[in-house]
Amino acid sequence: MKTSNPVLARLGQAAERERSAGYAQPGPYGQPGIPQQYPGQPGYPAAPVAAGTMSIDDVVVKTVALLGILGVSAAAAWVLVPDALLGPAWIGAAIVGLVLGLIISFSRMANPALVIAYAVVEGAFVGLVSKAFETLYDGIVLQAVVATFGVFFLMAMLYKARVIRATPKFVKGMIAVMAGLFGVMLINLVLALFGVNTGLRDGSPLAIGFSLVVVVVAALSFVLSFNEVEQGVRMGLPQRYSWTAAFGIVVSLVWLYLELLRLISYFQGDD
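About the criteria used
Residues numbered from 1 in each chain as written. Predicted model: local features only at pLDDT ≥ 70, side-chain atom pairs only at ≥ 80, totals over all residues. Heavy atoms only, no water. Phe/Tyr/Trp six-rings, centres within 6.5 Å; stacked < 30°, edge-to-face > 60°. Helix = DSSP H or I, 4+ residues; strand = E, 2+ residues; numbered from the N terminus. Buried < 20%, exposed > 50% of the residue type's maximum accessible area, 1.4 Å probe, protein only. Lys NZ or Arg CZ within 6 Å of the ring centre and 35° of its normal. Axes fitted to C-alpha atoms, helices over the stretch in contact; angles between N-to-C directions. Parallel < 35°, antiparallel > 145°, perpendicular 65-115°, else oblique. Left-handed = near helix turned anticlockwise from the far one by under 90°. Contact = heavy atoms within 4.5 Å. Nonpolar A, V, L, I, M, F, W, Y, C, P; charged D, E, K, R; others polar. Polar contact = N/O pair within 3.5 Å; in protein donor to acceptor, adjacent residues only side chain to side chain. pLDDT = per-residue confidence, 0-100. Salt bridge = Lys/Arg side-chain N within 4 Å of Asp/Glu carboxyl O. Core = buried A, V, L, I, M, F, W, Y, C linked by side-chain atoms within 4.5 Å. 1 Å grid on protein atoms, 1.4 Å probe; cavity = no way out; pocket = protein on both sides within 12 Å on 5 of 7 lines; lining within 4 Å. Points joined across faces, edges and corners; volume = space filled by probe spheres on them.

## Observations concerning the packing of aromatic side chains
- All chains considered together, the criterion is met by 9 aromatic pairs.
- An angle of 20 degrees between the planes, with centres 6.1 Å apart, marks the rings of Phe-222 and Phe-226 as stacked. Taken as a pair, Phe-222 and Phe-226 lie in helix H7 (residues 205-234) at a separation of 4 residues, close to a single helical turn. Neither residue differs from the other here; Phe-222 and Phe-226 are each classed as buried.
- Pairwise contacts between aromatic rings join Phe-149, Phe-152, Phe-153, Tyr-159, Phe-222 and Phe-226 into one cluster.
- Between the NZ or CZ atom of Arg-162 and the centre of the ring of Tyr-159, over which it lies, the distance is 4.8 Å.

Put into structure tokens, the structure is as follows:
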């Protein structure tokens, strides 16, 4: 199954590589090796419980750890970076975070060191953005944080209860919508650099509507993430891929938080 999240989409590819690497195990008494049966093959639908295999608990622990690192880094950047350097530091952290994110997303192997480095850099970026918004709108950061985790846990409960499922049609629709949104936001950013105001990010009714759409799509993207993690566990991926799965979830959380921060600011613009 494919997903719009390139990080978690690689879990399925990793499973195929692990299964291929497990073939031709030595047979008894020097006999030729025989192919091993792996999770996902006919007659073997679920991964057995084994040491070193990724589990839901692994992903949860890694996600919490990355969020902790991100939070500490955000707080440090908030306190240590002077206001005069806020802009350059913000841009620098954004560029480095983007580069690290792309490397992790398209890497063929799980790399905990890179994932942790991303959490540190992205934490600095989030901290600087949050400081800028908090300076303009008192209390907005706490509101955005509460709203972000509220949406996350709501989507987790809806997914666990199977109220929302990652059906093939749902996945294809989300991929199309997210691709369209990213395209629109990229075009809007380029136009903004040339002084063109499209009305999508200026606090107008159109901007509020657009931001609401982005928030809804970001929330629904968790369904894809949860499904990919579930599939990775079922296929018996190695434990190290829990870092990759956790990274994908953190990326979605940061995206949702930043969009909620922007949306809430629209309603406080006249304060």
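Let's pick the thread back up.
## Points about the packing of helix H6 (residues 168-193) against H7
- Between H6 and H7, the shortest axis-to-axis distance is 10 Å and the interhelical angle comes to 140 degrees. Taken together, the axis directions place H6 and H7 in an arrangement best described as oblique. Here H6 and H7 pass one another in a crossing that is left-handed. Facing Phe-170, Val-171, Met-174, Val-177, Met-178, Leu-181, Val-184 and Met-185 of H6, the residues of H7 in contact are Phe-210, Val-213, Val-214, Val-217, Leu-220, Ser-221, Val-223 and Leu-224.
- Residues of the contact of H6 with H7, tallied by class, amount to 15 nonpolar, 1 polar and no charged.

## Some points on the environment of Gln-143
- Following the sequence through the fold, Gln-143 ends up in helix H5 (residues 140-160).
- Distance from Gln-143 to Leu-260, taken between C-alpha atoms, is 8.8 Å for residues 117 residues apart in sequence.
- Excluding its chain neighbours within four sequence positions, the residues that come into contact with Gln-143 are Ile-264 and Gln-268.
- In terms of polar contacts, Gln-143 uses its side chain to reach the side chain of Gln-268, at 3.2 Å.

## Some thoughts on the confidence of the model for the chain
- Averaged over the chain, the pLDDT score is 82; the fraction of residues at 70 or greater is 80%.
- Within the model, pLDDT remains below 50 along residues 1-5, and this stretch shows 18 contacts once partners closer than five positions in the same chain are excluded.
- The low-confidence segment residues 23-51 (pLDDT under 50) makes 38 contacts with residues lying over four places distant or belonging to another chain.

## Observations concerning the pattern of salt bridges
- Applying the stated criterion across every chain yields a total of 3 salt bridges.
- Its salt-bridge partner being Glu-230, residue Arg-162 comes within 3.0 Å of it at the nearest N-O pair. Here Glu-230 lies in helix H7 and Arg-162 lies in the loop between H5 and H6, a separation of 68 residues in the sequence.
- Residue class for Glu-230 comes out partly exposed when judged on its relative accessible area of 22%.
- Note that Arg-201 is salt-bridged to Glu-259, the shortest N-O span being 2.7 Å. On the criterion of sequence distance, the pair formed by Arg-201 in the loop between H6 and H7 and Glu-259 in helix H8 (residues 241-266) is long-range, its members being 58 residues apart.
- With a relative accessible area of 22%, Arg-201 lands in the partly exposed category.

## Quick look at the nonpolar core
- Residues Met-155, Phe-222 and Val-223 are the most contacted members of the largest nonpolar core, which totals 38 residues.
- Elements represented by at least two residues in this core include exactly H5, H6, H7 and H8.
- By residue number, the principal contributor to this core is H7, which donates 13 residues.
- Not counting residues up to four positions away in its chain, the partners in contact with Val-223 are Met-155, Tyr-159, Ile-164, Arg-165, Ala-166 and Phe-170.
- Judged by nonpolar contacts, the second largest core, of 25 residues, contains Leu-100, Ala-119, Val-126 and Phe-247.

## Topic: the layout of surface pockets
- Its volume calculated, the second largest pocket comes out at about 490 Å³.
- The wall of the second largest pocket is formed by 18 residues, among which Ile-56, Val-60, Phe-152, Ala-156 and Phe-226 lie closest to the centre.
- Looking at the lining of the second largest pocket, the elements with two or more residues in it are helix H2 (56-80), H5, H7 and H8.
- With 7 residues, H5 is the largest single contributor of residues to the lining of the second largest pocket.
- The residue makeup of the lining of the second largest pocket, split by class, is 15 nonpolar, 1 polar and 2 charged.

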